[in-house]
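Structure assessment
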Amino acid sequence: MYKKYNGASPVRDSFVCKNRSYMIDRFLCIFKVTGEREDEFYDIGVVRTLLEERIVSDENLVGTELLPIAVLFAGDFVCLDYRNTNNEEPQVCVWNHEESSDLDPVTYLTSNSFEEFLKLLQE
């Protein structure tokens, strides 16, 4: 489902999670990283690499627990959360950059699926 909306801009860019309003700065894209584009910083793989150990709880993990998909105002990210579900239908959460540290990501559940998250942006 995410590939269908790769890099899209939502009409409504805010949602509520844990009684707090969050605003999406932009959705991340899937680029072919060449080093020639100014916006490659917004590639999912680039952001995942930058956050590295702050979005995993097991340093020996092969794969992804949290996959950032959108930049939120003030440095947090919306992430697909593969920790508590099967790989087919990840939950969606807010990753808190201020409270997270290496191997200890702090997240807040937003919705049980990406489709459900998109509905939050329509309310």
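Up top is the structure.
Here we summarise the structure given alongside this text. Since we're looking at a predicted model, the values are computed, not measured. (Residues numbered from 1 in each chain as written. Predicted model: local features only at pLDDT ≥ 70, side-chain atom pairs only at ≥ 80, totals over all residues. Heavy atoms only, no water.)

1. Section: the overall build of the protein chain
Definition in use: Under the scheme used here, helices are H or I runs from DSSP no shorter than 4 residues and strands are E runs no shorter than 2 residues, and both carry numbers assigned from the N terminus. Think of it in three bands: with a 1.4 Å probe and only protein chains considered, a residue is buried below 20% of the maximum accessible area for its type, exposed above 50%, and partly exposed in between. Pairs of residues are marked as contacts when any of their non-hydrogen atoms sit within 4.5 Å.
Regarding its fold elements, the protein chain presents 2 helices and 6 strands. In sequence order, the secondary structure elements of the protein chain are arranged as β-β-α-β-β-β-β-α. The buried share of the protein chain, taken over its 123 residues, is 41%. Nonlocal contacts in the protein chain, meaning residues at least 24 apart in sequence, comprise 40% of its contacts between residues at least 6 apart.

2. A short note on the sheet that holds strand β2 (residues 20-27)
Quick note on the threshold: Note: two strands are recorded as paired if DSSP finds a minimum of 2 bridges between them. Helix axes are fitted to C-alpha atoms over the stretch in contact, other axes to C-alpha atoms as well, and angles between N-to-C directions run from 0 to 180 degrees.
Strands sit in the order β1-β2-β3-β4-β5-β6 across an open sheet of 6 strands; the sheet is antiparallel. Each having just a single partner strand, β1 (14-17) and β6 (107-111) make up the two edges of the open sheet. The average undirected angle you get between the axes of adjacent strands in this sheet is 45 degrees. Alignment of β2 against strand β3 (residues 66-72), held across 3 bridges, turns out to be antiparallel. Within β3, the residue paired with Arg26 across the bridge is Val71.

3. Let's talk about the packing of aromatic side chains
Keep this limit in mind: Aromatic pairing here means that ring centres of Phe, Tyr or Trp (its six-membered ring) are within 6.5 Å. Orientation follows from the plane angle: under 30 degrees is stacked, over 60 is edge-to-face, and everything else is tilted. Only when the NZ atom of a Lys or the CZ atom of an Arg is both within 6 Å of the ring centre and within 35 degrees of the ring normal do we say a charge sits over the ring.
With the rule as written, the count across this model stands at 4 aromatic pairs. Relative to Trp95, the ring of Phe77 has its centre 6.1 Å away and its plane inclined at 45 degrees; by these criteria the two rings are tilted. Here Phe77 is found in strand β4 (residues 77-81), whereas its partner Trp95 is found in strand β5 (residues 91-95), with 18 residues between them in sequence. With relative accessibility at 1%, the residue Trp95 sits in the buried group. Through pairs of rings, three or more aromatic residues link up here, namely Phe15, Tyr22, Phe114 and Phe117. A cation over a ring is seen here: Arg26 above Tyr42, with NZ or CZ 3.8 Å from the ring centre.

4. Some words on the pattern of salt bridges
Applicable threshold: Salt bridges are counted wherever a side-chain nitrogen of Lys or Arg sits within 4 Å of a carboxyl oxygen of Asp or Glu.
Applying the stated criterion to the full structure yields 2 salt bridges. The shortest N-O distance in the salt bridge between Arg20 and Asp76 comes to 4.0 Å. Of the two residues, Arg20 is situated in strand β2 and Asp76 in the loop between β3 and β4; the sequence distance between them amounts to 56 residues. Asp76 sits in the buried class, given a relative accessible area of 5%. Across the pair Arg83 and Asp81 runs a salt bridge, and its minimum N-O distance is 2.8 Å.

5. Quick notes on the pairing of β2
Taken together, the 4 bridges between β1 and β2 define a ladder with antiparallel strand orientation. By the bridge assignment, Ser14 is partnered in β2 with Met23.

6. What about the side chain of Asn96?
The condition that has to hold: Polar contacts, as counted here, are pairs of nitrogen or oxygen atoms within 3.5 Å of one another; within protein the pair requires one atom able to donate a hydrogen and one able to accept it, and residues that are adjacent in sequence qualify only if both atoms are side-chain atoms.
Residue position: Asn96 is located in the loop between β5 and β6. For Asn96, the side chain forms a polar contact with the main-chain nitrogen of Glu99, separated by 2.8 Å.

7. Details of a negative patch on the surface
Note the threshold: Patch rule: a residue counts if its relative accessible area is over 30% and it has no salt bridge; like charges are joined within 9 Å, and nonpolar side chains (Val, Leu, Ile, Met, Phe, Trp, Tyr) within 5 Å. Here, Shrake-Rupley sampling with a 1.4 Å probe gives the accessible areas, and only protein chains in the shown set may cover a residue. Working convention for charge: Lys and Arg count positive, Asp and Glu count negative, and His plus the chain ends are omitted. Lysine's charge is taken at NZ, arginine's at CZ, aspartate's at CG and glutamate's at CD.
On the surface, a cluster of negative charge is contributed by Glu52, Glu53, Asp58, Glu59 and Asp102. You can see Asp58 is positioned in the loop between α1 (44-51) and β3.

8. Considering the environment of Pro90
Counting through the fold element by element, Pro90 comes out in the loop between β4 and β5. With 24 residues separating them along the chain, Pro90 and Leu66 place their C-alpha atoms 9.3 Å apart. With sequence-adjacent residues up to four places away left out, Pro90 is seen in contact with Leu80, Asp81, Tyr82, Thr85, Asn112, Ser113 and Phe114.

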